[in-house]
Amino acid sequence: MGRRRCCRSRPALFRARNRRTPLCCRFRPHVHRGDQLSCPGHRRRPGSTRSPPCPLHLKCPSRFRHLCRTGQIRGEVMRLRVGIVGGSIAGCAVAIAARRAGCEVTVFERSARDLSARGFGIALPNPLWQRLVEQGYLPPGVPSCVVHRRVWLTRDDVTPHGRELWHQPSSARTLNWATLWRNLRTQLPADIYRTAAHVQEVVIGQEHGLIRLGDGGETRCHVVVGADGARSLVRQCIAPGVLPTHARYVLCRGSVAAQQVAPIATAMRNLDGAYVTVMFQRGHAVFYWIPSSSSCRTSPQRILNWAVYSQSVPISPHAAAEPARRVLCAALEEMPQEWADLVRLTSPEAVTTHPVADLTMQSYVRGPLLLAGDAGTIARPHAASGAAKALEDALFLERLLASHADVAALLAAYDKERCPAGNDLVKIGRRIGRHQVEAPPDWSRMTEQDLPAWTASTLAGSPHYLYQQGA
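This is a predicted model, so every value here is computed, not measured. (Residues numbered from 1 in each chain as written. Predicted model: local features only at pLDDT ≥ 70, side-chain atom pairs only at ≥ 80, totals over all residues. Heavy atoms only, no water.)

Notes on the overall build of the protein chain
A count of helical and extended segments in the protein chain gives 15 helices and 17 strands. In the protein chain, of all internal contacts separated by at least 6 residues, the share reaching a separation of at least 24 is 72%. (Helix = DSSP H or I, 4+ residues; strand = E, 2+ residues; numbered from the N terminus. Contact = heavy atoms within 4.5 Å.)

Following this line, the structure appears as structure tokens:
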């Protein structure tokens, strides 16, 4: 075997298909300017007509990407092109991850409007929150509320507040959906985030994916990321015919300003640093503080976010609002008076009703396509992990982009890790729905001693940040 030559001397076709060549070589061909090469490992020895091997590319691709990203390697380079369908939390997080890995990124967001009006409150595990801040996805001053306990309540005819069943340890951050999205979105340049970009079709090629837009435009990418939510177009390309399964109950959500809640003193005390769960025979409700979308670090403002799960026939997304209101009113009759009054403080226009559904996937990947966030698996909202899953997908993808030497190997590693993780969350959501809505225990007989064993049986050994064990 002869000495390895500089990859510039190899045919372009060979460089593009050599599986042993890292991504930085395959998609960033070296550009020579005289005797100064784009890679420090490619320097000609004086008087030599042959080029030495490239130890930096072969032994440390992540270091090479860092040098490219920081401009320490001279010469123009062609980068790995990543197209992201969907510009919500998952799409923005994946775009940040790909840009940090040195990729050329374009985000295609269907809506022409700002997305800040979407979503309600979300919860993130504290370890994930710390990683996002440490790795620069979020600034340290993002408004959030700290949760350190979970309060379980049920109806008691003696007191309007209800009977407290258990104070369970919990560790989370709650924040406004709009705040999280805005902080991710501001990290992306305007020229890579395309609004009003309706993706009509995604075509799977051997080494590229083709994104076709409704206006006739086309973009060819080495990797196409589906981050287009529960009704994902990209998911249908990966798994045609796979549709969500609807549960036989619904979710009603709303929020109310802190000044309106203030007169209900007992509820205010329980909500301090807590995630409150109110159990009743046809379902349950959760209450927790989130910062308002206009909050800032210097002048924080809070709103109370609530969600009520109640048994019902399945309701389609296009169903009339009146049947959903009747479901909510029936649920409030079973709740303790003070907590039902908190829900009633919400204006009818601010209450939304959602069908509860979930979906599992056999694979997140097909060809150059991969899925992130709710475009992959869909877990029931009980799991409180929709945003967390999307952010974990992005963090893991960034690590793979910095360490893998081949696109196919990268996609396989992503699928091996993130698809099972998404399916596990679906299983947790189903178990919580069964134990807390579809077949709940007799809450009038439940005691503090019964709750730890009951929650353990609900999770069936799966860890969850909102269900910590302890005193």
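Focus on the packing of helix α6 (residues 126-134) against helix α13 (residues 386-403)
Where α6 meets α13, the closest approach of the two axes is 11 Å, and the angle between their N-to-C directions is 45 degrees. With respect to α13, the element α6 is oriented oblique. In this structure, α6 meets α13 at a crossing whose hand is left-handed. Each of Leu128, Arg131 and Leu132 in α6 lies in contact with α13, whose residues at this interface are Ala388, Leu391, Glu392, Leu395 and Arg399. (Axes fitted to C-alpha atoms, helices over the stretch in contact; angles between N-to-C directions. Parallel < 35°, antiparallel > 145°, perpendicular 65-115°, else oblique. Left-handed = near helix turned anticlockwise from the far one by under 90°.)

Quick look at the confidence of the model for the protein chain
Confidence along the protein chain averages 83 in pLDDT terms, with 79% of residues attaining 70 or more. In the predicted structure, residues 1-59 sits below a pLDDT of 50 and forms 115 contacts with residues beyond four places in sequence or in another chain. In this model, residues 73-78 is a region of pLDDT below 50 whose contacts with residues beyond four sequence positions or in other chains number 16 contacts. (pLDDT = per-residue confidence, 0-100.)

Side note on unusual backbone geometry
In this structure, Ala196 is a non-glycine residue whose phi angle is positive, near 55 degrees. Within the secondary structure, Ala196 sits in the loop between β6 (193-194) and β7 (199-204). By relative accessible area, Ala196 is classed as exposed at 51%. (Buried < 20%, exposed > 50% of the residue type's maximum accessible area, 1.4 Å probe, protein only.)

Some remarks on the sheet that holds β6
Overall, mixed pairing links the six strands, which are arranged β6-β2-β1-β10-β17-β16 in an open sheet. In the strand order of this sheet, the two ends are held by β6 and β16 (365-366), each with one partner. Inspection of the sheet shows strand β1 (residues 81-85) paired to strand β2 (residues 104-108) by five bridges, in the parallel sense. Among the inter-strand pairings, Val85 is bridged to a residue of β2, identified as Phe108. (Pairing = 2+ DSSP bridges.)

Examining the pairing of strand β10 (residues 223-226)
Residues Val223 and Val225 line one face of β10 and the alternating positions Val224 and Gly226 line the opposite face, and both faces are buried. Both β1 and β10 contribute to a ladder of four bridges, which runs parallel. Within the sheet, the bridge partner assigned to Val85 lies in β10 and is Gly226. Where β10 meets strand β17 (residues 369-371), three bridges bridge the pair, whose relative direction is parallel. Each bridged residue has a counterpart across the sheet, and for Val225 the counterpart in β17 is Leu370.

Description of the pairing of strand β3 (residues 121-125)
By the criterion of burial, β3 is predominantly enclosed, with five of the five residues buried. Here β3 shows no split at all, with Gly121, Ala123 and Pro125 on one side and Ile122 and Leu124 on the other all buried.

Topic: the nonpolar core
In terms of nonpolar packing, the biggest core is built from 74 residues, with Ile84, Leu124, Leu180, Leu184, Leu391 and Tyr414 touching the most fellow members. The greatest single-element share of this core, amounting to ten residues, is contributed by α13. If near-sequence neighbours (up to four positions away) are discounted, Leu391 is found in contact with Ile89, Ala93, Leu124, Leu128, Leu132, Leu180 and Leu184. Counting 30 residues, the second-largest nonpolar core is a separate cluster that includes Ala172, Ala307, Ile432 and Trp443. (Core = buried A, V, L, I, M, F, W, Y, C linked by side-chain atoms within 4.5 Å.)

Some points on the packing of aromatic side chains
Inspection of the entire model under this criterion finds six aromatic pairs. Taking 6.2 Å as the distance between ring centres and 55 degrees as the angle between the ring planes, the aromatic pair formed by Trp152 and Tyr467 counts as tilted. In this pair, Trp152 is assigned in strand β4 (residues 145-154) and Tyr467 in the segment after α15 (451-459), connecting sequence segments 315 residues apart. The exposure class of Tyr467 is buried, given its relative accessible area of 5%. An angle of 80 degrees between the planes, with centres 5.1 Å apart, marks the rings of Trp443 and Trp454 as edge-to-face. Residue Trp443 is located in the loop between α14 (407-438) and α15, and its partner Trp454 is located in helix α15; the two are separated by eleven residues in the primary sequence. (Phe/Tyr/Trp six-rings, centres within 6.5 Å; stacked < 30°, edge-to-face > 60°.)

Some words on the pattern of salt bridges
Any two side chains of opposite charge can pair if their charged atoms end up close together. All chains considered together, the criterion is met by 14 salt bridges. Two residues, Glu218 and Arg212, come together in a salt bridge whose shortest N-O distance is 3.1 Å. We classify Arg212 as partly exposed; its relative accessible area is 31%. Overlapping salt bridges bring together Asp358, Arg380, Arg430 and Glu438 as one network. (Salt bridge = Lys/Arg side-chain N within 4 Å of Asp/Glu carboxyl O.)

A few points about the environment of Ala112
You can see Ala112 is positioned in the loop between β2 and β3. Once residues lying within four places of it in the same chain are set aside, the contact partners of Ala112 are Thr195 and Ala196.

Quick look at the environment of Thr195
For Thr195, the location among the structural elements is in the loop between β6 and β7. Put simply, Thr195 and Ala112 are 83 residues apart on the chain and 5.1 Å apart in space, counted from C-alpha to C-alpha. The contact partners of Thr195, leaving out residues within four places of it in the chain, are Glu109, Ser111 and Ala112.

A short note on the packing of helix α5 (residues 89-100) against α13
The geometry of α5 relative to α13 is characterised by a closest axis approach of 8 Å and an angle of 15 degrees between their N-to-C directions. Taken together, the axes of α5 and α13 lie roughly parallel to each other. Crossing handedness for the pair α5 and α13: right-handed. Together, Ile89, Ala90, Ala93, Val94, Ala97, Ala98 and Arg100 of α5 and Ala390, Leu391, Ala394, Leu397, Glu398 and Leu401 of α13 make up the contact between the two elements. Considered class by class, the residues forming the contact of α5 with α13 number eleven nonpolar, no polar and two charged. (Nonpolar A, V, L, I, M, F, W, Y, C, P; charged D, E, K, R; others polar.)

Thoughts on the environment of Leu243
Residue placement: Leu243 occurs in the loop between α8 (233-238) and β11 (245-257). Contacts of Leu243, omitting those with residues within four sequence positions, involve Gln236 and Leu359.

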